[in-house]
Amino acid sequence: MRNVSYITTPIFYPNAKPHLGHAYTATLADIFARHRRLSGDEVYLLTGVDENTEKVVRAAIAVGQDTKSYLDGVVSAFTDLFSAQKLNISYDQFIRTSNEKVHWPGAQAMWQKLVDAGDIYPASYDGFYCVGHEAFVTEKDLIDGKCPDHNEAPEHLKETNYFFRLSKYTDEIKKRIESNELEIIPAARKNEILALLEQGLQDVSFSRPTGKVSVGIPVPGDSTQKMYVWCDALTNYISALGYGRDDWLFRKFWYDGADTLHIIGKDILRFHAGIWPGMLLSAGLPLPKKILVHGFITSGGKKMSKTLGNVIDPDVLIAEYGGEAVRYFLARHISPFEDGDITLEMFKNAYNADLANGLGNLVSRIMKMAEEHHHPASPIRHPTERLFSRAGPSSTEEGILESYNIQAYAEYISQEIARLDRRIQETEPFKLVKKDKTAAQKIIAELVNKLSHIASLLQPILPTTAVKIHDAITQNRMPEKPLFPRK
Ligand code: ME8
C-alpha cells in the first residue's frame, strides 16, 4: 500500500505581501512534498492564510481599502509567488480562513468538541494585548511599556473571555513529545518545548467579545463572543481536509494514521507543540506525527525590517535570477534547523558559483560532448521514468533527505557536481576523442549517465531544471540556452 503523507505550512498573516520568510517555509514544505511524491507516497500539501485578524483590518484601513478587497489583493500576491512561474509550490489547497464554507464549520466543530469535553469556561481577563503579536502579553514582555517587537504600547483589556483548559493536558503532551509519538525536529527544539512543559502550561483565552473585534468566527451558541486566533487558526490544518463537513480527506490524511508533518518557524513552536496537541487531545483526535521547526532568516546578521532597509523581497530575486535559483539558495544556503543569513551579494555569488559556473556549465559541457560524439542506441532514460525508486537516490542520499536536512542533501548534490567536473578535467574526453574515439565515447556515456543521476536527485529542489536536463539527455542535445546565465 502507498504511504500517505500530509504536509502543511503555517497559514501566513496576509497583512502585507509575502516576504522571504514565508517563501522559505513554503519552499521547504514543497521540497519535502515533491520528494515524498517521487518516492511513491500519496501526498497532500496545504498552505494558506490566516485572515481573521485585527492586523489585516488595520492594514486595510491604513491604505483606505475595505478588508475584503485588501485580503483579495494580498492573497493574489501569495498565490502569484507560489505559482509555477515563480516558486512553483505544488500545493493541493490554499486555505483562506475567511472562507465560511471551507473553514468555519471545522473551527466551530472543534470548539463544540472542546465544550463537550468540559474544557471551555468563561473567565475575566485583565491585562495587556499586543495586536502585532495577536497575543496577550504580560508586563515582563514589555520594555518601557512598549512591545519591543512592534514598538507599540499594548492595549489594556478588561473583559470576559472563554478560556481553554490547556493546563489539564500538560502531562499528556509531555509524554507524547518525550516518546516521539509527536516528534519535534530538531532535538534542540524538542528540548526547548519540554523545558516549557516542565513549567506547566497555562489555560489560554480562546475568545474575545464580539464588540471588540471586527473579524472572527462566531463562538457556537454565544453570539456575544468571537473565536480568538488559535482555535480558529490551528484548526485550519483539519478544516482544510473537511473536518466538520464532508470529511473523507480528513479520514485519509489525518485520522487514519497518515504521516502528518507540520513545517513551522521557531516563533510559533509553543502554539503548535502546546495549544494544538492540547486541543486535539481534548477533542479526542489524533495528534500530528511530526513538527519540523526551522530558524529565522536574517539579512546581514539582522532581523529584516523596513526601518533597517534590509528586507529582501522574493519577487525581486525571482525577477533577476528566476524562481528555481531562489529555491536552490534557500535549500543549499539556509539551514533548516538554525537561523540563516542572506544578502543580495551572497545570493549573487552563490548563483554564479553554484548554478551558472557549477550546474549550468556542467550540463553544457557534457551535453556538448554528447551531442558531437555520443550516439546512444536508445535514449539513456525515458523522461517519464523519473521516480526515485528507478532513477533515484541510493540509501545514503535517501537517508539524508529522510532526516529533513535539506541543506546537507543540497550540499551532497553540489559535491556530486564538483566530482563530475573533476572527472571531465582528469579524463579530457574532448581531447581523447581525437586519439581513441571508443574510449572517449565510453567516458562521455558515463558522464551522461552520472548527469542523469544528478538531475534525478535535483528534482525536489529544482523541478523545472531537472526536467530540462532529462530532456537534453533524452534528445542527446545541448540545452538551447544556458540553464543559468552568468550574472
Ligand atoms: O505566525 N525567517 O503568521 P506569520 C524564516 N498566522 N521564516 C519566517 C520568517 C523569517 N524571518 N518570518 C516568518 C503566523 N517566517 C500565524 C501562524 S499557523 C496556525 C498560524 C515564517 O505570517 C515561519 O514559518 O507571522 C513562521 O512560523 C511563519 O512564517 C509565521 O508567519
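How each quantity is defined
- Residues numbered from 1 in each chain as written.
- Predicted model: local features only at pLDDT ≥ 70, side-chain atom pairs only at ≥ 80, totals over all residues.
- Heavy atoms only, no water.
- Axes fitted to C-alpha atoms, helices over the stretch in contact; angles between N-to-C directions.
- Helix = DSSP H or I, 4+ residues; strand = E, 2+ residues; numbered from the N terminus.
- Parallel < 35°, antiparallel > 145°, perpendicular 65-115°, else oblique.
- Contact = heavy atoms within 4.5 Å.
- Pairing = 2+ DSSP bridges.
- Domains from an automatic or database assignment.
- Buried area = accessible area lost by both parts, 1.4 Å probe.
- Salt bridge = Lys/Arg side-chain N within 4 Å of Asp/Glu carboxyl O.
- Nonpolar A, V, L, I, M, F, W, Y, C, P; charged D, E, K, R; others polar.
- Buried < 20%, exposed > 50% of the residue type's maximum accessible area, 1.4 Å probe, protein only.
- Near = heavy atom within 4 Å.
- Polar contact = N/O pair within 3.5 Å; in protein donor to acceptor, adjacent residues only side chain to side chain.
- Areas by Shrake-Rupley, 256 points an atom, 1.4 Å probe, with all protein chains shown as cover.
- Arc of directions from axis to C-beta.
- Phe/Tyr/Trp six-rings, centres within 6.5 Å; stacked < 30°, edge-to-face > 60°.
- Core = buried A, V, L, I, M, F, W, Y, C linked by side-chain atoms within 4.5 Å.

S.K.: How do you make sense of the packing of helix α1 (residues 20-38) against helix α12 (residues 323-333) when you look at a structure like this?
M.R.: The relative placement of two packed helices comes down to the angle between their axes together with the axis-to-axis distance. Contact geometry for α1 and α12: axes closest at 10 Å, N-to-C directions at 85°. In terms of orientation, α1 and α12 fall into the roughly perpendicular class. Residues A23, Y24, T27, D30, I31 and R34 of α1 form the contact with α12, whose own contacting residues are R327, L330 and A331.

S.K.: Is there a simple way to explain the sheet that holds strand β3 (residues 93-96) in this structure?
M.R.: Pairing between the strands of a sheet comes from backbone hydrogen bonds, and it takes one of two forms, parallel or antiparallel. A sheet is described by the order of its strands in space; here six strands give the open sequence β3-β2-β1-β12-β13-β7, paired in parallel fashion. Pairing within the sheet leaves two strands with one partner each, and these edge strands are β3 and β7 (183-185). Within the sheet, the average angular offset between the axes of one strand and its neighbour, ignoring direction, is 20°. Looking at chain direction, strand β1 (residues 4-12) and strand β12 (residues 259-265) are connected through four bridges and run parallel.

S.K.: Even after reading the chapter, I still don't get the domain arrangement of the protein, so can you show me in this structure?
M.R.: Structurally, the protein comprises domain 1 (4-295) and domain 2 (343-475). Look at where the C-alpha atoms of domain 1 and domain 2 centre, and you get two points 41 Å apart. Listed as interface residues are 13 residues of domain 1 and, on the opposing side, 13 residues of domain 2. When the two sides are added together, the surface that domain 1 and domain 2 hide from each other amounts to roughly 1,200 Å², 72% of it contributed by carbon and sulfur. Of all residues in domain 1, I31, H35 and L38 give up the largest surface area on contact with domain 2, accounting jointly for 51% of the area buried on that side. Our enumeration of links across domain 1 and domain 2 arrives at zero salt bridges. Elements represented by at least two residues in the side of domain 1 that touches domain 2 include exactly α1 and β13 (290-294). A per-element tally of the side of domain 1 that touches domain 2 places α1 first, with seven residues. Of the residues assigned to the side of domain 1 that touches domain 2, the class counts are seven nonpolar, three polar and three charged.

S.K.: What's the story with the pattern of salt bridges in this structure? I'm lost.
M.R.: Charged atoms that come close allow side chains of opposite charge to pair. Per the counting criterion, the structure on display carries 32 salt bridges. As a salt-bridge pair, E372 and K368 come within 3.4 Å of each other at their nearest N and O atoms. With a gap of four residues between them, E372 and K368 both fall in helix α13 (residues 344-373), about one helical turn apart. The class for E372 is partly exposed, based on a relative accessible area of 45%. Classification of K368 by relative accessible area gives partly exposed; the value is 43%.

S.K.: How should I be thinking about the site of the ligand in this particular structure?
M.R.: Near the ligand, the surroundings consist of 22 residues, among which I11, Y13, T25, D50 and D267 are the closest. Take H22: an N or O atom from its side chain is 3.0 Å from an oxygen atom of the ligand. Taken by itself the ligand offers 670 Å² of open surface, and the protein chains cover 91% of this. When residues of the shell around the ligand are traced back to their parent elements, those giving at least two are β1, α1, α7 (230-234), α8 (236-239) and β12.

S.K.: Which parts of the structure should I look at to understand the pairing of strand β2 (residues 42-49)?
M.R.: Counted residue by residue, β2 has seven buried out of eight residues, so it is predominantly covered. Here β1 pairs with β2 via seven bridges, running parallel. By the bridge assignment for β2, V4 is matched with E42. With four bridges connecting them, β2 and β3 associate as parallel partners. Of the residues in β3, the one forming a bridge with G48 is I95.

S.K.: I keep staring at the sheet that holds strand β8 (residues 204-205) and nothing clicks. Help me out?
M.R.: Taken in spatial order, the four strands line up as β5-β4-β6-β8 in an open sheet, and their pairing is antiparallel. In this open sheet, the two strands that pair with only one neighbour each are β5 (135-137) and β8. Of the pairings in the sheet, the one linking strand β6 (residues 155-164) to β8 comprises two bridges and is antiparallel in character. Paired with F163 across the two strands is S205, which belongs to β8.

S.K.: Just checking my understanding: could you explain helix α9 (residues 248-255) for this structure?
M.R.: Side chains three or four residues apart in an α-helix point the same way, a direct result of the helix having 3.6 residues per turn. Among the residues of α9, those classed as buried are L249, F250, F253 and W254. The buried residues of α9 occupy an angular sector of 95° when projected down its axis, which confines them to one face. If you follow the buried residues of α9, they end up packed against β1, β2, α8, β12 and α10 (269-283).

S.K.: How should the packing of aromatic side chains be read in this particular structure?
M.R.: In this description, an aromatic ring pair is defined by two values, namely the gap between the centres and the angle between the planes. In total, this model carries 24 aromatic pairs according to the counting rule given. Aromatic pair Y129 and Y228: ring centres 5.8 Å apart, planes at 70°, arrangement edge-to-face. Of this pair, Y129 sits in strand β4 (residues 120-130) while Y228 sits in the loop between β11 (222-227) and α7, and the two are 99 residues apart along the sequence. Take Y129 and Y228: they sit in the same class, and that class is buried.

S.K.: Could you clarify how one ought to interpret the nonpolar core in this entry?
M.R.: Among soluble globular proteins, nonpolar side chains are generally buried collectively. By size, the foremost hydrophobic cluster in this structure holds 85 residues, and its most contacted members are L359 and I461. In this structure, this core is formed jointly by two domains, domain 1 (4-295) and domain 2 (343-475), each of which donates at least three residues. With residues up to four places along the chain from it excluded, the contact list for I461 reads I31, R327, Y328, A331, I406, Y409, A410 and I413. Listed in part, the 65 residues of the second largest apolar core include Y6, I184, L197 and V293.

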